[in-house]
Amino acid sequence: NAGVMQNPRHLVRRRGQEARLRCSPMKGHSHVYWYRQLPEEGLKFMVYLQKENIIDESGMPKERFSAEFPKEGPSILRIQQVVRGDSAAYFCASSISQKNTEAFFGQGTRLTVV
Amino acid sequence: DQQVKQNSPSLSVQEGRISILNCDYTNSMFDYFLWYKKYPAEGPTFLISISSIKDKNEDGRFTVFLNKSAKHLSLHIVPSQPGDSAVYFCAASEGGNTGKLIFGQGTTLQVKP
């Protein structure tokens, strides 16, 4: 049973380009969470999705960021018109249920904006 | 507003001794707490958790203690091993949603042989 798969592992974008980060949850997991880790900081919650639904996006920046988890395929975190401050490690986690079970994290995508 | 705080950025212990990592929180609505371990360039790995209805949970070399009145929890690793060297994150959740977590800043543990 493969773990949470994120790709790409490393992504370099120029300012103003778009970044697409992909996350395939563990088999049987229908809950997906995205986190961002800035240098020297802990992980910050961004968004919680179930299949085809955004449940909680309270941690998402209001502009340029969007997320989806379609019926088929991976979850996508999309950052439009990237800026230097978007450079960070983005982690995806999945869980089998919402309550009282640990979430499993992927290895992350390190985004560098040049 | 840092709701989960790990005030020690780093900790160094000798192999075989006990490592104690501390975590404080401010939100009394948190009802589930977790510890994650993270190596460089990898994602966090779940270690151990505790519900707010308990004050202790043990799993092998790892024990987590929760003091609700002090809003404090700690992770004890005994005996410490060099392979335990990593960054340890304390995390908390509210309403039992253990995927939506509030993380501390992390403590880097170094276990010296």
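Summarised in this report is the structure supplied together with it. (Residues numbered from 1 in each chain as written. Chains lettered and ligands numbered in written order. Predicted model: local features only at pLDDT ≥ 70, side-chain atom pairs only at ≥ 80, totals over all residues. Heavy atoms only, no water.)

## Concerning the interface of chain A and chain B
Applicable threshold: Should any heavy atoms of two residues lie within 4.5 Å, those residues are counted as being in contact. Each of two parts loses accessible area, computed with a 1.4 Å probe, when they are put together; buried area is these two losses added. Each reported salt bridge corresponds to a side-chain nitrogen of Lys or Arg within 4 Å of a carboxyl oxygen of Asp or Glu. In protein, a polar contact means a hydrogen-donor-capable atom and an acceptor-capable atom, both N or O and within 3.5 Å, with residues adjacent in sequence counting only if both atoms are side-chain atoms; elsewhere, any N or O pair within 3.5 Å suffices. Helix numbering and strand numbering both begin at the N terminus, where a helix is a DSSP run of H or I of at least 4 residues and a strand a DSSP run of E of at least 2. In this classification, Asp, Glu, Lys and Arg are treated as charged, Ala, Val, Leu, Ile, Met, Phe, Trp, Tyr, Cys and Pro as nonpolar, and every other residue, Gly included, as polar.
Chain A puts 22 residues into the contact, and the matching count from chain B is 21 residues. Summed over both partners, the interface of chain A with chain B buries about 1,700 Å², with 51% contributed by carbon and sulfur atoms. Connecting chain A to chain B are one salt bridge. Asp56(A) is the partner of Lys100(B) in a salt bridge, and the nearest nitrogen-oxygen pair spans 2.6 Å. For the interface between chain A and chain B, the tally reads four residue pairs in polar contact (both at pLDDT 80 or more). Taken together, the elements giving at least two residues each to the side of chain A that touches chain B come down to strand 4 (31-37) and strand 5 (43-50) of chain A. If you tally residues by element for the side of chain A that touches chain B, the top one is strand 5 of chain A, at four residues. Looking at the side of chain A that touches chain B residue by residue, the class counts come to eight nonpolar, eight polar and six charged.

## Focus: the layout of surface pockets
Counted only if it meets this: A cavity, in this analysis, means grid points on a 1 Å lattice covering only the protein atoms where a 1.4 Å probe fits yet has no way out; a pocket is instead an open set bounded by protein on both sides within 12 Å along at least five of seven lines, and a residue lines either one if it has an atom within 4 Å of a point. Grid points are joined across faces, edges and corners, and a volume is the space filled by probe spheres set on the points.
Computed from the structure, the largest pocket encloses a volume of approximately 340 Å³. Looking at the largest pocket, it is lined by 18 residues, and the ones nearest its centre are Gln37(A), Glu40(A), Glu41(A), Val87(B) and Phe89(B). Reported here for the second largest pocket is a volume of approximately 210 Å³. Taken together, 13 residues form the lining of the second largest pocket, with Lys44(A), Phe45(A), Gln3(B), Leu101(B) and Ile102(B) sitting closest to its centre. At the level of elements, strand 5 of chain A together with strand 10 (102-103) of chain B are the ones that each hand at least two residues to the lining of the second largest pocket.

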